[in-house]
Amino acid sequence: MMLTYGQSINQALNAILSKDKRVVLLGEDICDPYGGAFKITKGLSTKYPAQVINTPMSEYALTGIAAGMAIRGRRPVLEIMFGDFLTICADQLINHAAKFGWMYNSQVTVPMVLRTPMGGRRGYGPTHSQTLEKLFLGIPGLKVIAPSHFHDPGEQLIKAIDDNNVVLFIEHKLLYSRKVGELKDGYVFDFACKKSQDTFETITLSNNDFKEARATVLTYGGMLPYVIEAVNELLEEDEVFLEIVVPSYINNASIVEVLASLKKTGRLVIVEEGTLFNGWGAEMAARVVSEGFELLEAPITRVAAKDLPIGSTRVLEDAVLPQIIDIKVGIKEVLQ
Amino acid sequence: MLEQFYEKMLLIRLFEKKIEELFTKGDLFGTTHACIGQEAVAVGVLSAINKDDIVTSNHRGHGHFIAFTDEIEGLLAELMGKECGVCGGRSGSQHIFKESFYANGITCGMTAVATGMAFAEKLINSRKIAVAFLGDGALGEGVLYESLNMASLWNIPIIFVLENNYYAMSTHISQGVAGSMADRGRAFGIETKEITTNDVEIIHSTFKEIVGNVRAKNRPFFFVVNTYRQSGHSKSDDCCYRTREEEEEWKKTDPLAILRGRITAEVAEKIHQKCGERIERAYAKIRQAGDLSINYIFKGLYQ
């Protein structure tokens, strides 16, 4: 049976709570009967009452509490109800949790995971729809993991919990209800798929069995469904074959898979849901130019949110966030 | 006990003086926050807990560190940027670590971390408690109230030790703190005690009782000690915000002067010599030690 992204996370938490008694879930409204604002922890407090703790709305202290618990041997997994609230966690993440390991000269480890639903398209408006992980991409000591539905999000979460570092685990809220793709005979859904050997793997997808392709689309997390729609439409309309590269460890410096695909295509489009200015795509583009300039046959195109707040009204939200048509335009631009 | 208290407090005092001297000579890089005048709190409190209990400290942490670990060589080496420093020379004055002692320079940030540490120990029934030091300046930070709330809700065995030295950098509490300090603990249903003293014996016996209470009830405690920072906030502070008269008034309650009235001049002199020699010996040794190598700058970023 194919799981949804949300079920995959729930089952992973269930499995690790049962196996590893050091794991403690903390968060607002995560206990039954409510089971979390997005129902991701449903059933867990009933099965593991000692390991699942409802908290007050204190994201700042909770992030510090999780760090303290991690230093003293627990494996805390803190749920922050909306990714927008990471701004409140920032001091503890940046100036405390991510610093301790290096600052104390490797004499402590901080194996904590901060999970949070991120992203828009649900009409929650300017303060509950943002894609803010980009604020945390340049923090040494902090791993930012944002699996797509072509990854196994549950497996990625278990690896994050087993990791001895501070992990910020980004779950796009629109992915929760999507079916998770399983790798079967080299395919995930309709795409030929290669997974890297990394703990937090990068996936490369092809709609032409990794034969010819005209451009590479680099994206992550909740943008992947939109990229796939755009890629499918372009195949149907213009018979254009494309490759898609989807990392999960998004502040990892490696762009090996992007360069491998560019050797074939020479053309790159980078797609993200966060705002354009100072975005993830800017860093990726800079790395590609620096490490693979000779592979590029055209300027890199970036597709991202407009540099504006996200309106609550659908028409305003749609106008700000990148749509399928924007991705298609971006791909056509790079093909010219 | 009396002589041990005196020796520990004097060791801290002379250490801080040595650091001031090294800064003046240009031997140290960066900044430091001396705790001269507040030694009785560090020694009185930390002599009342076990070695495997947890201590978190702040920017003004040398006294806490020495009182808890008795380690001066590793601390001096850390301040001098040597590889044999307690954190390999990486972290300097405000971010020291050893065993179960953790400091960080972000005002009040460690109160949350300490709450989590004590919570972790409670979950495994280790019977260890945490002591989290904070100053009056930290009362302005919201994370304290979040931490107090959860410490009380979850019956976490942690003691918040508020060292009120009347000044947050240059800002007097009359400009920075509304209402009662002790009531901040009470508001969360946390037992509270406030004392005004630099008498290490009083602080020790009071704190010993608090520790017993916390271990027995498995509950948090909020302890306020009104003391005085004789030194400036940091090495560059000329104390233009307070009068020399005020400073002289507080020197009458200097923690070392209080104890000197209870030991003989002969014993005091012996201890003075011992502590002075210890610091000079440490300095002579650390001066010769190798500087840290930048080759290992990337080491330990990820574990």
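1. Comments concerning the domain arrangement of chain A
Residue and element names in this part refer to chain A.
- Per the domain assignment, the segments making up chain A are domain 1 (5-175) and domain 2 (187-335).
- Here domain 1 and domain 2 have C-alpha centroids that lie 26 Å from each other.
- The partner domain 2 presents 28 residues to the 26 residues of domain 1 that form the contact.
- Looking at the side of domain 1 that touches domain 2, the elements with two or more residues in it are strand 5 (142-145), helix 5 (153-162) and strand 6 (166-172).
- Broken down by element, the residue count for the side of domain 1 that touches domain 2 peaks at 3 residues, all from strand 5.
- Of the residues that constitute the side of domain 1 that touches domain 2, the class distribution is 10 nonpolar, 12 polar and 4 charged.

2. Topic: the pairing of strand 10 (residues 215-218) of chain A
Residue and element names in this part refer to chain A.
- Side chains Ala-215 and Val-217 project from strand 10 onto one buried face, and the interleaved Thr-216 and Leu-218 project onto a second face that is buried too.
- Looking at chain direction, strand 10 and strand 11 (residues 242-246) are connected through 4 bridges and run parallel. Bridging from a neighbouring strand, Leu-218 pairs with Val-245 of strand 11.
- Of the crossover connections in this fold, the one passing from strand 10 over helix 6 (residues 224-238) to the parallel strand 11 is right-handed.
- As judged from the 3 bridges shared by strand 10 and strand 12 (residues 268-275), these two strands associate in the parallel manner. Of the residues in strand 12, the one forming a bridge with Leu-218 is Ile-270.

3. Some words on the sheet that holds strand 4 (residues 130-135) of chain B
All names here are of chain B.
- An order of 2-3-1-4-5-9-8 is seen for the 7 strands of this open sheet, with the pairing classed as mixed. In the strand order of this sheet, the two ends are held by strand 2 (97-98) and strand 8 (191-196), each with one partner.
- Where strand 1 (residues 54-57) lies against strand 3 (residues 101-103), 3 bridges are found, and the strand directions are parallel. Residue Thr-56 lies in a different strand from strand 3, and its bridge partner there is Tyr-102.

4. Looking at the environment of Leu-235 of chain A
All names here are of chain A.
- Turning to its location among the elements, Leu-235 is positioned in helix 6.
- What makes Leu-235 partly exposed here is the crowd of 15 C-beta atoms within 10 Å.
- Considering only alpha carbons, one finds Leu-235 and Asn-207, 28 residues apart in sequence, at a separation of 8.5 Å.
- Filtering out sequence-adjacent residues up to four positions away, Leu-235 remains in contact with Asn-207, Val-240 and Phe-241.

Rules of the game
- Residues numbered from 1 in each chain as written.
- Chains lettered and ligands numbered in written order.
- Predicted model: local features only at pLDDT ≥ 70, side-chain atom pairs only at ≥ 80, totals over all residues.
- Domains from an automatic or database assignment.
- Contact = placed C-beta atoms within 7 Å.
- Helix = DSSP H or I, 4+ residues; strand = E, 2+ residues; numbered from the N terminus.
- Nonpolar A, V, L, I, M, F, W, Y, C, P; charged D, E, K, R; others polar.
- Buried ≥ 20, exposed ≤ 12 C-beta atoms within 10 Å, placed from the backbone.
- Pairing = 2+ DSSP bridges.
- Right-handed = clockwise from strand over helix to strand, strands pointing away.

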